Amino acid sequence: MSCFLTNSSLGKKLVMSVTGCFLVLFILFHMSMNITLLFSPEAYNMVCEFLGANWYALVGTVILVAGIAIHFIYALMLTVDNYRARGKQRYAVTVKEKGVEWASKNMLLLGWIIIGGLALHLIHFWSKMQLVEIMGSHYFTPEIDGTATVINPANGALLVAYTFSKWYNVLIYILWLAALWFHLTHGVWSMFQSVGWANDTWYPRLKCIAKIVATLVLLGFAVVLILMYLNSGDIIAQMSHWVPEA
Amino acid sequence: MNFTLKIWRQKDAKSHGAFETYKVSDISPDTSFLEMMDILNNNLIHEGKEPVAFDHDCREGICGMCSLHINGHAHGPEQAVTTCQIYMRKFRDGQTIVIEPWRSAAFPVIKDLVVDRGAYDKILQAGGFVSVRTNSVPDGNAIPIPKKDADESMDAAACVGCGACAATCKNGSAMLFVAARVSSLAKLPQGRVEGARRAKAMVAKMDELGFGNCTNTGACQAECPKSISIAHIARLNREFLSAKFED
Ligand code: HEM
Ligand code: SF4
Ligand code: FES
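## A closer look at the overall build of chain A
Broken down by element type, chain A carries ten helices and two strands. Counting helices and strands in the order they occur from the N terminus, chain A gives α-α-α-α-α-α-α-β-β-α-α-α. The buried share of chain A, reckoned over its 246 residues, is 45%. Nonlocal contacts in chain A, meaning residues at least 24 apart in sequence, comprise 74% of its contacts between residues at least 6 apart. Accessible surface, chain A: about 13000 Å² in total, of which carbon and sulfur atoms supply 72%.

## Focus on the overall build of chain B
The helix and strand tally for chain B stands at nine helices and seven strands. Based on the C-alpha atoms only, the size of chain B along its principal axes is roughly 60 × 40 × 35 Å. In chain B, which comprises 247 residues, the proportion classed as buried is 54%. Looking at chain B alone, contacts between residues at least 24 apart form 68% of all its contacts between residues at least 6 apart. Accessible area for chain B stands at about 11000 Å²; split by element, carbon and sulfur atoms hold 51% of it.

## Here we look at the interface of chain A and chain B
Taken together, the contact pairs 39 residues of chain A with 50 residues of chain B. Overall, the association of chain A and chain B removes approximately 3500 Å² of surface from exposure, summing both partners, and the carbon and sulfur fraction of that is 58%. Connecting chain A to chain B are zero salt bridges. Connecting chain A to chain B are 22 residue pairs in polar contact (both at pLDDT 80 or more). Within the side of chain A that touches chain B, the residues separate by chemical class into 15 nonpolar, 15 polar and nine charged.

## A word on the environment of Met228 of chain A
Residues and elements named next belong to chain A. One can find Met228 in helix α10 (residues 202-239). Overall, the relative accessible area of 2% leaves Met228 in the buried class. When the C-alpha atoms of Met228 and Phe164 are compared, they prove to be 6.1 Å apart, with 64 residues separating the residues in sequence. In contact with Met228, other than residues within four places in its own chain, are Leu37, Val160, Ala161, Phe164 and Ile235.

## Describing the sheet that holds strand β3 (residues 69-70) of chain B
Residues and elements named next belong to chain B. Spatially, the five strands line up as an open sheet ordered β2-β1-β5-β3-β4, and their pairing is mixed. What marks the edges here is a single partner per strand, and that holds for β2 (18-24) and β4 (73-74). This element, helix α1 (residues 33-46), spans β1 (3-9), β2, β3 and β5 (96-100) of the sheet and lies at about 80 degrees to β1.

## Describing the site of ligand 1
Taken together, 25 residues form the shell around ligand 1, and within it Lys13, His71, His183, Ser190 and Ser194 of chain A come nearest. Residues lining ligand 1 come from chains A and B. His71 of chain A places a side-chain nitrogen or oxygen 2.8 Å from a nitrogen atom of ligand 1. Of all the secondary structure elements, the ones that give two or more residues to the shell around ligand 1 are α2 (9-39), α4 (55-86), α6 (107-124) and α9 (167-195) of chain A. The biggest single contributor to the shell around ligand 1 is α9 of chain A, with eight residues. Tallied by class, the residues present in the shell around ligand 1 amount to 14 nonpolar, ten polar and one charged.

## Some words on the coordination of the iron atom of ligand 1
Residue and element names in this part refer to chain A. For the iron atom of ligand 1, the full set of protein donor atoms is His71 (NE2) and His183 (NE2), and the range of their distances to it is 2.0 Å. Around the iron atom of ligand 1 sit six donor atoms, and with donor-metal-donor angles ranging over 87 to 180 degrees the site reads as octahedral. Note that His71 is positioned in helix α4 and His183 in helix α9, a separation of 112 residues in sequence. Its relative accessible area of 16% is what places His71 among the buried residues. We classify His183 as buried; its relative accessible area is 13%.

## Side note on the site of ligand 2
Residues and elements named next belong to chain B. Around ligand 2, the structure places 14 residues, and the nearest of them are Cys159, Cys162, Gly163, Cys165 and Cys224. Of all the secondary structure elements, the ones that give two or more residues to the shell around ligand 2 are α4 (164-168) and α5 (175-186). Here the residues of the shell around ligand 2 sort into eleven nonpolar, two polar and one charged.

## Observations regarding α1 of chain B
With 14 residues, α1 of chain B extends 20 Å between its outermost C-alpha atoms, agreeing within 8% with the 20 Å of an ideal straight helix rising 1.5 Å per residue. Taken together, the buried residues of α1 of chain B touch β1, β2, β3 and β5 of chain B.

## A closer look at the side chain of Arg181 of chain B
You can see Arg181 of chain B is positioned in helix α5. Salt bridges are absent for the buried Arg181 of chain B, whose nearest opposite-charge side chain, Asp121 of chain B, sits at 7.8 Å.

## A few points about the pattern of salt bridges
Residues and elements named next belong to chain B. Counted by the stated rule, this structure contains 17 salt bridges over all chains. Across the pair Arg89 and Asp30 runs a salt bridge whose closest N-O atoms are separated by 2.8 Å. One end of the pair, Arg89, is in the loop between β4 and β5; the other, Asp30, is in the loop between β2 and α1, and 59 residues separate them in sequence. Taking the shortest distance from any N to any O, the salt bridge between Arg103 and Glu100 comes out at 4.0 Å. For Arg103, a relative accessible area of 3% corresponds to the buried category.

## Things to note about the domain arrangement of chain B
Quite often, the size of an interface is put as the accessible area lost when its parts meet. Residue and element names in this part refer to chain B. Structurally, chain B comprises domain 1 (3-110) and domain 2 (117-246). Each of domain 1 and domain 2 has a C-alpha centre, and these two points are 29 Å apart. Taken together, the contact pairs 21 residues of domain 1 with 20 residues of domain 2. A combined buried area of about 1500 Å² lies between domain 1 and domain 2, and 52% of that area is made up of carbon and sulfur atoms. Put simply, domain 1 and domain 2 have one salt bridge between them. Two residues, Asp55 and Arg117, come together in a salt bridge whose shortest N-O distance is 3.1 Å. Remark: the boundary between domain 1 and domain 2 carries eight residue pairs in polar contact (both at pLDDT 80 or more). Split by residue class, the side of domain 1 that touches domain 2 holds ten nonpolar, nine polar and two charged.

What counts and how
- Residues numbered from 1 in each chain as written.
- Chains lettered and ligands numbered in written order.
- Predicted model: local features only at pLDDT ≥ 70, side-chain atom pairs only at ≥ 80, totals over all residues.
- Heavy atoms only, no water.
- Helix = DSSP H or I, 4+ residues; strand = E, 2+ residues; numbered from the N terminus.
- Buried < 20%, exposed > 50% of the residue type's maximum accessible area, 1.4 Å probe, protein only.
- Contact = heavy atoms within 4.5 Å.
- Areas by Shrake-Rupley, 256 points an atom, 1.4 Å probe, with all protein chains shown as cover.
- Buried area = accessible area lost by both parts, 1.4 Å probe.
- Salt bridge = Lys/Arg side-chain N within 4 Å of Asp/Glu carboxyl O.
- Polar contact = N/O pair within 3.5 Å; in protein donor to acceptor, adjacent residues only side chain to side chain.
- Nonpolar A, V, L, I, M, F, W, Y, C, P; charged D, E, K, R; others polar.
- Pairing = 2+ DSSP bridges.
- Axes fitted to C-alpha atoms, helices over the stretch in contact; angles between N-to-C directions.
- Near = heavy atom within 4 Å.
- Donors = N, O, S within 2.8 Å, 3.2 Å for Na, K, Ca; no water.
- Tetrahedral: all angles 85-135°; square planar, octahedral: opposite > 155°, others 65-115°.
- Expected span 1.5 Å × (residues − 1).
- Lys, Arg positive; Asp, Glu negative; His and termini not counted.
- Domains from an automatic or database assignment.

The following block contains the structure:
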């Protein structure tokens, strides 16, 4: 049992599909948390407190890291196998075959961009929120309008508003989301194909669902980014003096 | 019509190959692609040169022997046909045509445009059959098979084993071929019995021979001369995974 998941091509694809599906569900969950920011920064901070350094959030973090790591390691394993299978001698002339989408041939490239964005994202938020709580309190104290401001790790809304008050961060995140969009337009239907839940009737439907999910993720995150950028002044003023309830 | 041909020439499996350029002229638009190759070879023989080696047999699209990667397409620019079924009228007068052998680690070049596709035979030998004790021929209607299943089985059985799928796939994956063979038997009651064993044995052989992992790009079905659908790959995934979970 355990071996076919590591030594058979279809077993490896099953792992890719299951971890991919898990990541899609996580992304949707993360997106719905961010959406609370549109309604109330205080509500968002309640979510942040709920998901601080307590046991269930830590267990969740460990599972998430494992999911990403497995997906990533398997992606590299599959790619190495495939590179070898293609052989040393390449075609002089290649074309885009009819009906083949660009994303489907560039999943690894898109994955690298996602990993890069993820690293930046962890530096921006995780290292200043959950990590701070795990390590004890080394609060993040950036200069806002020339004065050093202490950002409490549970004051997620302030951290978000501070981060996206800078236009270049907004731009980088949007590029990151675009890579994720492409990855998901292929990944979301491909994960059904890999476990065998697809047929000629369902391909157009699955591909449509994949585009809808990808676009939902893109818009859901991008709306928050842009509104944070536009309202960062107000939210920073409103949340600078916020303290978590005891 | 006149054409410039850039053809891959390679003395044998061990030598390094390279492209050579040839010209053919006064080709009738109704000449088939392989006849055009025959004309070229005839010219080469008259010039005392080595003719270009390429595979072919039936020349009517049923044997799967012809191959060739023509201007970036397995079996040439037309959809749903084999190389022997394309005609020079499909090309522009004066066009340069680049002709390469299948390129895939599991299909080594033997000479010029001929590759060794024995790997597909080995996959078939691993499980692409039905084991039966044959007595006298049973009545044709003794085993009822729903029309839909018979049709799906026949669609998959149209695979001629040409190798275009693995040759096209950026991952060098043989999944479309294996899926067609597994699917055509899985849909019939006679083949159903050995379904689980067949899927496992053929996938294991495919992996062992160094074919790549399918990443669902769908390039194979676009280039397959028999338009085998990747829905058969979904069925193979189902057959294989359920067989593994039953172990
Ligand atoms: C860590 C960086 C990532 C890399 C390097 C990566 C790479 C890949 C690769 C190479 C595939 C193979 C395509 C295939 O086999 O069909 C794939 C599939 C997939 N990825 Fe990712 N990915 C990454 C992150 C993500 C994330 C964050 C998500 C979800 C939001 C995701 C969702 C998927 C899905 C759903 C599939 C389809 C699975 C399948 O085809 O069986 N990936 N990924
Ligand atoms: S599936 Fe299509 S491309 Fe592949 S071997 Fe069969 S006929 Fe050729
Ligand atoms: S020569 Fe038989 S299919 Fe082309």
